[in-house]
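Topology and contacts: notes
This is what each chain is made of:
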Amino acid sequence: MNREQERDADISRGDEAAFGGIYREYRTRLYQYALSLVRDRDAAEDAVQDAFLGWARQLAAGRAPRQIAPYLYASVRNRCLDRLRRRPEVALDDAGVEILAAPAGDAERIGLRHALNRLLLALPEEQREVVVLRTWHDMEFVAIAALQGTPVNTAIARYHYAIARLGKELEAHE
């Protein structure tokens, strides 16, 4: 049994330390992903918490998902999409969301971070999601396509369109 299988078995037996390890490993990444979708800190936090609660219920019922990461990402995405359907669109100026981070005191990077955050938020939702998952979560296009329910070529095309648009906008920004 490899390390991941042992961890999954520990979690299935109700090992709180193993569950806590998964929570610590994925919480920040899932929050950042949710934030890129819903553009609201509270809604993003709620989506992540709901996903972990759903996972805990699955475990308690003896229906542990075979793979943890795909389950959690899909769960967070579904919860975010549900929230988006129930609320009006948030204007970019009102969103106040920072998807990226920059070192404190580095004025140049902070300025670029603000510009890139703004550009990311201006992308169509599907393109932004692919860029965030591929760039910051190191997801393969096959996994992104499965998560979005699209063909792999569609996920790749969305990524390339988004990167091209970001490149043009960054050139204009400079």
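Scroll up to find the structure this text is about.
Below or above, wherever it landed, is the structure these notes cover. Residue numbers restart at each chain and count upward from 1, following the sequence in its written direction. With pLDDT at 70 or above as the cut-off, local features in this predicted model cover only qualifying residues; side-chain atom pairs require 80 or more to be listed or tallied, and sums for whole chains, interfaces and linings still use all residues. As a convention, hydrogens and water are excluded, and side-chain values are obtained from all of the structure's heavy atoms.

1. Observations concerning the packing of aromatic side chains
Only rings of Phe, Tyr and Trp enter the pairing, Trp through its six-membered ring, and a pair is recorded when the two centres are within 6.5 Å. The plane angle decides the type: under 30 degrees is stacked, over 60 is edge-to-face, the rest tilted. For the structure on display, the rule yields four aromatic pairs. Seen in terms of ring centroids, Phe52 and Trp55 are 6.2 Å apart; in terms of plane orientation they differ by 70°. Their pairing is edge-to-face. One end of the pair, Phe52, and the other, Trp55, are both in helix 3 (residues 41–60), three residues apart, so they sit about a helical turn from each other. With respect to class, Phe52 is no different from Trp55; both count as buried. Ring geometry for Phe141 and Tyr159: centres 5.4 Å apart, planes at 70°, overall edge-to-face. Of the two residues, Phe141 is situated in helix 8 (residues 141–148) and Tyr159 in helix 9 (residues 152–173); the sequence distance between them amounts to 18 residues. Here a strand is any run of E in DSSP of at least two residues, a helix any run of H or I of at least four, and the numbering for each starts at the N terminus. Partly exposed describes any residue whose relative accessible area lies between the buried limit of under 20% and the exposed limit of over 50%, with all areas from a 1.4 Å probe on protein chains only and scaled to the type maximum.

2. Quick notes on helix 8
Along helix 8, the positions that sit buried rather than exposed are Phe141, Ile144, Ala145, Leu147 and Gln148. Buried residues of helix 8, viewed axially, fall in a sector of 160°; they line one side. Turned more than 90 degrees off the buried face of helix 8, the exposed positions are Val142 and Ala146. Two residues or fewer after helix 8 comes Gly149, characterised by a positive phi angle close to 70°. Directions drawn from the helix axis to the C-beta atoms are what define this arc.

3. Quick word on unusual backbone geometry
Even without a glycine there, the phi angle at Arg39 is positive, about 60°. Positionally, Arg39 belongs in the loop between helix 2 (16–38) and helix 3.

4. Structural notes on the nonpolar core
Nonpolar cores are built from buried Ala, Val, Leu, Ile, Met, Phe, Trp, Tyr and Cys residues. Side-chain atoms within 4.5 Å join them into one set. In this structure, Leu30, Tyr33, Phe52, Leu72 and Val76 are the most contacted members of the largest nonpolar core, which totals 38 residues. Of all the elements in the fold, those that place two or more residues in this core are helix 2, helix 3, helix 4 (68–86), helix 6 (107–122), helix 7 (125–136), helix 8 and helix 9. A total of nine residues in this core trace back to one element, the largest contributor, which is helix 2.

5. Details of the environment of Tyr23
Mapping Tyr23 onto the fold places it in helix 2. What makes Tyr23 partly exposed here is its relative accessible area of 25%. The spatial distance from the C-alpha of Tyr23 to the C-alpha of Val48 is 9.9 Å, given a sequence separation of 25 residues. Residue contacts for Tyr23: discarding those within four places in its chain leaves Gln49 and Phe52. Note on contacts: a residue pair is in contact if any heavy atoms of the two residues lie within 4.5 Å.

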